[in-house]
Amino acid sequence: MVLETEKGRKFSTGKEATPSPNPKPWPNLPPQPISLIAIQPSLMQNITALGGTTKSWRLAPACYRKLDDKPRMPQLVEINADDDKRSQHSHKIDISFHEKYFLYYKRRSYQYRDRWIYFKGHSHGQLVALTGDLSEFCLWEPEEKYNTRHLPSWDCNLPFKFATLSSSPPDWNFSPKYTKLPSLPKHRYGCNVMVLTGICSPAFAFFRWGKDQNGWIVENYTLTEPYASNHRMQFTNAIGFQGKFYALSLQGSLAVLEDIDSCFQITATGANRAVPSIVSRQFREYLLDSNGEIFLVFLISRKSINVVDDVEVFRLDICKFLWVKVESLGDMMFFVEDECCMSLSASKVGCRDNCI
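Conventions we followed
Residues numbered from 1 in each chain as written. Predicted model: local features only at pLDDT ≥ 70, side-chain atom pairs only at ≥ 80, totals over all residues. Heavy atoms only, no water. Pairing = 2+ DSSP bridges. Helix = DSSP H or I, 4+ residues; strand = E, 2+ residues; numbered from the N terminus. Axes fitted to C-alpha atoms, helices over the stretch in contact; angles between N-to-C directions. Phe/Tyr/Trp six-rings, centres within 6.5 Å; stacked < 30°, edge-to-face > 60°. Buried < 20%, exposed > 50% of the residue type's maximum accessible area, 1.4 Å probe, protein only. Salt bridge = Lys/Arg side-chain N within 4 Å of Asp/Glu carboxyl O.

K.L.:
Which residues make up the sheet that holds strand β9 (residues 126-130), and what values go with them?
P.N.:
If you walk across this open sheet you meet the four strands as β8-β9-β10-β11, and the pairing is antiparallel. Across the chains shown, the open sheet's two edge strands, defined by having one partner strand only, are β8 (118-123) and β11 (148-150). For this sheet, the mean inter-axis angle between neighbouring strands, taken without regard to orientation, is 25°. With three bridges connecting them, strand β10 (residues 137-140) and β11 associate as antiparallel partners. Bridge assignment links C138 to a residue of β11, and that residue is H150.

What follows is the structure, given as structure tokens:
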């Protein structure tokens, strides 16, 4: 089985050379899934993260290698990590949702709120939207026009790569004037928000819904990167899944983070390195949740990052924390692009199955 790109051809990423002053449409998906989402807003749950991470291989310079040195593992660097154009774009929702009535649909179209114009993550149906100064932000449920949950202010001295949720937030009528949740069953609590900084220290910031804390919990971790000697783990990608966070380091290590005794701890690490099996110059990686499983998609480029030469998909074995190569997606198809990734049943979209 061979996973294919659209039409089985190489394609350009279409990344803009300069940021546009006009609001950028989100999600940037083909018309078929957009039409489905407009009628079935619950499909927003199938959209995860906010794009992927681009990495390139780097070998240690010859001048730093000694004759008696042991062979070193190839190292990875993130491309354009300091020039992330996504934060320079304001956005608009490119979906005209429909309200369902007896025997017909009534279209209701709106784009974005004037204040919340920068999107920095999508998880469990919630968009993370920031103000122009990138200090105040909220969770916004796009299909519910007035369902906005305000988050504590962000320290602009800290980097902000993107945000994700550990699970779906509880359903409540939230007012920004109050920080306490209404009385809910105990099992409904547990939705945490994580901001990935993209640097070693601090690595993450967390916010607990409905618990007694006034702001962000900033965490530092001193774990040594197993695939880079004398280096600490630097996390560049993450996904929230079933109440936990699964984070990938720059060098392809997996760490599982849980909220235990009011402290976010790394409770497990991956058994193998999350990198493509095909030799490449550079690649993009995407984490997404599909049908209750975590998948890792690699778009592999041998020469230019704007051309995809190969595609590989891995599934995370939750019990063994092992990445297992996927030979077939069955009826599923994955959409991946700069600012979102999504899984859908190909039969619902009317497209070829087993495709990226």
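Read on, since the account is not over.
K.L.:
Tell me about the packing of aromatic side chains, and name the residues and values.
P.N.:
One pass over the structure, following the stated rule, counts 18 aromatic pairs. Ring centres of F295 and F334 lie 5.4 Å apart, and the angle between their planes is 65°; this geometry places the pair in the edge-to-face category. Residue F295 is located in strand β21 (residues 293-301), and its partner F334 is located in strand β24 (residues 332-337); the two are separated by 39 residues in the primary sequence. Each member of the pair, F295 as well as F334, is classed as buried.

K.L.:
Just give me the short version of the pattern of salt bridges, but keep the residues and values in it.
P.N.:
Tallied over the full model, the rule gives nine salt bridges. A salt bridge links R284 to D338, with the nearest nitrogen and oxygen atoms 2.8 Å apart. On the criterion of sequence distance, the pair formed by R284 in strand β20 (residues 282-290) and D338 in the loop between β24 and β25 (340-345) is long-range, its members being 54 residues apart. For the pair R284 and D338, one class covers both residues: buried.

K.L.:
Describe unusual backbone geometry, naming the residues involved and giving the relevant values.
P.N.:
For the bond from W26 to P27, the omega torsion is -5°, close enough to zero to count as cis. When you line up the elements, P27 lands in the loop between β1 (24-26) and α1 (31-39). With an omega of -10°, the peptide bond between S201 and P202 qualifies as cis. Take P202: it is sitting in the loop between β13 (192-196) and β14 (204-208). Phi is positive for F321, which is not a glycine, with a value near 50°. Residue position: F321 is located in the loop between β22 (310-317) and β23 (322-325).

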